[in-house]
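# Examining the three-dimensional arrangement
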Amino acid sequence: MAEFADQAEVRVQAGNGGNGCASIHREKFRPLGGPDGGNGGRGGDVILQVEPGTATLLDFHRRPLRRAGDGKPGSGSNCNGAAGADLIVPVPDGTVVKTADGEVLADLIGAGTRFVAAMGGHGGLGNAALASTKRKAPGFALRGEPGQYRQLLLELKTIADAGLVGFPNAGKSSLIASMSAARPKIANYPFTTLIPHLGVVEAGQTQFVVADVPGLIPGASTGKGLGLDFLRHVERCTVLVHVVDCATEEPGRDPITDLDVIEAELRAYDAETGADMTDRRRIVALNKIDVPEARDLAALVTPDLEARGLTVCQVSAATGEGLRGLAFAMAELISQARKAAPEALPTRLVIRPEPVAGPDFELVRTGANSFLIRGSKPRRWIMQTDFSNDEAVGYLADRLAKLGVEAALAEAGAEPGAEVLIGQEDDAVVFDWDPQLPAGAGFGPRGTDPRLEHGRPSR
């Protein structure tokens, strides 16, 4: 398996909430001590957190499913269940979190930055919490809600100050090896570099990170060579360094043409991704001037490149000539950008709950006498209900009536016996609507026993 991965699909499953407990307190000389069932514990969250020691997304290829702990059920004597353990998943600095459809959910930059990828389910209420003046001894409890499940796409965009771009074999790997402690593979054939490499460079009092990405060729934006997949690693760079091979003998290639081709591919990448790297400062490193013909060519094209407003450095990665000047040129631009950047704010965990404004539910007619109820509240209440318990079903009916569902059905022209679905169409609970059954039918207020008055059975 590869040693580097900058994209990964991950499935995150938050913990389920624990079920509430239906219990009646039992004590000598107190046959009806009242309900004392505790609440279930909440499920654990799945949290993505930036860890400086994590460099790639490779671990997600090995373990694509991450699950947090479930909440424990409640018990008698008003004992609440323990909360499920949160799962902290380390990710590299610069990880972008997207949905399967490509919507960006979070851009994680800075050590300790967190994103709640999946939220744990709420624990169910025990019958002690459900007791009221009308429902003195509920014989049911609410079930815990299932934890959130998500399929996410993670993309790593390397955090670097300067990015080296250019044709294969232009000398990018040799350059970063000569300027830093990085040791990328160097060989005399195209596409030697298959993964991005990072190196730390010092120039005076300025220290910065340089990224070396695989080489580009004409047509990379249409899939030729290694394509533009790795250019995401220079999206965040302050400075782009064009490494140009002045010693190439390939027909149709010269420093000006090479620069124009790479710039065209960068524009194609911007158009495809919306990255907008047009505002990045550029430096042109005319490489391999240790070859006499290359030195002459570099001297010839330098005035034309400077006329375009570009900073030009003539260098040799093989001998080290000009590398100090290149390092200080990069450091100057990076220092200017750092001074102009706004002050970094402390890392915060930002929670963006769904908006609560608007109707609590939506009624959709799906047939001549069938209806679908959508809404977060009805959906949650369905998941919390134990349908094997008549009292629990009655409590659900009371909640739906109070929410206005029955009135909305009557207003929509529902006939007795109408088929009512609550939830998602592919996974809904089906009811037969009976408008003649009042809320007080059967057990007084639904879920209570009329034989119980003031805590004692009636005779």
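Remember, predicted model here, so these are calculated numbers, not experimental data.

Rules of the game
- Residues numbered from 1 in each chain as written.
- Predicted model: local features only at pLDDT ≥ 70, side-chain atom pairs only at ≥ 80, totals over all residues.
- Heavy atoms only, no water.
- Helix = DSSP H or I, 4+ residues; strand = E, 2+ residues; numbered from the N terminus.
- Buried < 20%, exposed > 50% of the residue type's maximum accessible area, 1.4 Å probe, protein only.
- Contact = heavy atoms within 4.5 Å.
- Areas by Shrake-Rupley, 256 points an atom, 1.4 Å probe, with all protein chains shown as cover.
- Pairing = 2+ DSSP bridges.
- Axes fitted to C-alpha atoms, helices over the stretch in contact; angles between N-to-C directions.
- Expected span 1.5 Å × (residues − 1).
- Polar contact = N/O pair within 3.5 Å; in protein donor to acceptor, adjacent residues only side chain to side chain.
- Phe/Tyr/Trp six-rings, centres within 6.5 Å; stacked < 30°, edge-to-face > 60°.
- Lys NZ or Arg CZ within 6 Å of the ring centre and 35° of its normal.
- Disulfide = S-S within 2.5 Å.

## Digging into the overall build of the protein chain
Broken down by element type, the protein chain carries 9 helices and 20 strands. Taken over 459 residues, the protein chain has a buried fraction of 45%. Considering only contacts within the protein chain whose residues lie at least 6 apart along the sequence, 70% involve residues at least 24 apart. Entry remark: accessible area of the protein chain is about 23900 Å², with carbon and sulfur atoms responsible for 51%.

## Comments concerning the sheet that holds strand β15 (residues 362–367)
Spatial strand order, β15-β16-β17-β18: 4 strands in an open sheet with mixed pairing. The sheet is open, and its two edges are formed by β15 and β18 (427–433), each paired on a single side. Neighbour to neighbour, the strand axes of the sheet diverge by 25 degrees on average, direction disregarded. Contacting β16 (370–374), β17 (418–424) and β18, helix α7 (residues 376–384) crosses the sheet at an angle of about 90 degrees to β17.

## Some words on the environment of I289
Here I289 shows up in the loop between β13 (281–287) and α5 (292–307). A relative accessible area of 1% means that I289 is categorised as buried. Distance in space between the C-alpha atoms of I289 and T319 is 9.2 Å, their sequence separation being 30 residues. Apart from the residues within four sequence positions on either side, I289 is in contact with A294, R295, A298, Q314, V315, S316 and E321.

## Here's the deal with the pairing of strand β9 (residues 162–165)
Neither face of β9 is left uncovered, since the one carrying A162 and L164 and the one carrying G163 and V165 both have all their residues buried. Relative to strand β11 (residues 206–212), β9 runs parallel, the two sharing 3 bridges. Its bridge partner lying in β11, L164 is registered against D212. The pairing of β9 with strand β12 (residues 239–245) spans 4 bridges and is parallel. Its bridge partner lying in β12, A162 is registered against V239.

## A closer look at helix α3 (residues 172–179)
The element α3 is largely enclosed, with a buried count of 6 among its 8 residues. Taken together, the buried positions of α3 are occupied by K172, S173, L175, I176, A177 and M179. For α3, the secondary structure elements touched by its buried residues are β9, β10 (197–203), β11, β12 and α6 (323–340).

## Here we look at helix α4 (residues 255–273)
Its 19 residues place the ends of α4 27 Å apart at the C-alpha level, agreeing with the 27 Å of an ideal helix rising 1.5 Å per residue. Of the positions making up α4, those classed as buried are P255, I256, D258, L259, V261, I262, E263, E265, L266, Y269 and D270. With a side-chain oxygen positioned 3.0 Å from the backbone nitrogen of I256, the residue opening α4 is D254. Following α4 by one or two positions, G274 has its phi on the positive side, about 75 degrees.

## Describing the side chain of D36
Looking at where D36 falls in the secondary structure, it is placed in the loop between β1 (7–13) and β2 (46–50). Of note is the side chain of D36, whose polar atom sits 2.7 Å from the side chain of S23. When neighbours within four sequence positions are excluded, D36 is seen to be in contact with S23, I24, H25, S75, G76, S77, N78, N127 and A128.

## Considerations on the packing of aromatic side chains
In total, this model carries 2 aromatic pairs according to the counting rule given. An angle of 50 degrees between the planes, with centres 6.2 Å apart, marks the rings of F387 and F431 as tilted. Placement of the pair is F387 in the loop between α7 and α8 (390–403) and F431 in strand β18, with a sequence separation of 44 residues. You can call F387 partly exposed: its relative accessible area is 37%. Sitting over the ring of F167, R253 keeps its end group 4.2 Å from the ring centre.

## Topic: the state of the cysteines
Using the criterion set out here, one finds 0 disulfides in the structure. We note that C79 lacks a disulfide partner, and the nearest cysteine sulfur, in C21, lies 9.1 Å from it. A relative accessible area of 36% means that C79 is categorised as partly exposed.

## A closer look at the pairing of strand β7 (residues 114–118)
Of all 5 residues that make up β7, 4 are buried, and the element is covered over most of its length. Looking at chain direction, β2 and β7 are connected through 4 bridges and run antiparallel. Note that in β7 the partner of V46 across the bridge is A118.

## Looking at unusual backbone geometry
Among all residues except glycine, the phi angle is most often negative; among peptide bonds, the trans geometry is most common. For N78, which is not glycine, the phi torsion reads 60 degrees and is therefore positive. Relative to the elements of secondary structure, N78 occurs in the loop between β3 (65–67) and β4 (87–91). Its identity is not glycine, yet K288 carries a phi of approximately 70 degrees, on the positive side. Considering the arrangement of structural elements, one finds K288 in the loop between β13 and α5.

In short, the description is geometric, and any link to function would need to be established separately.
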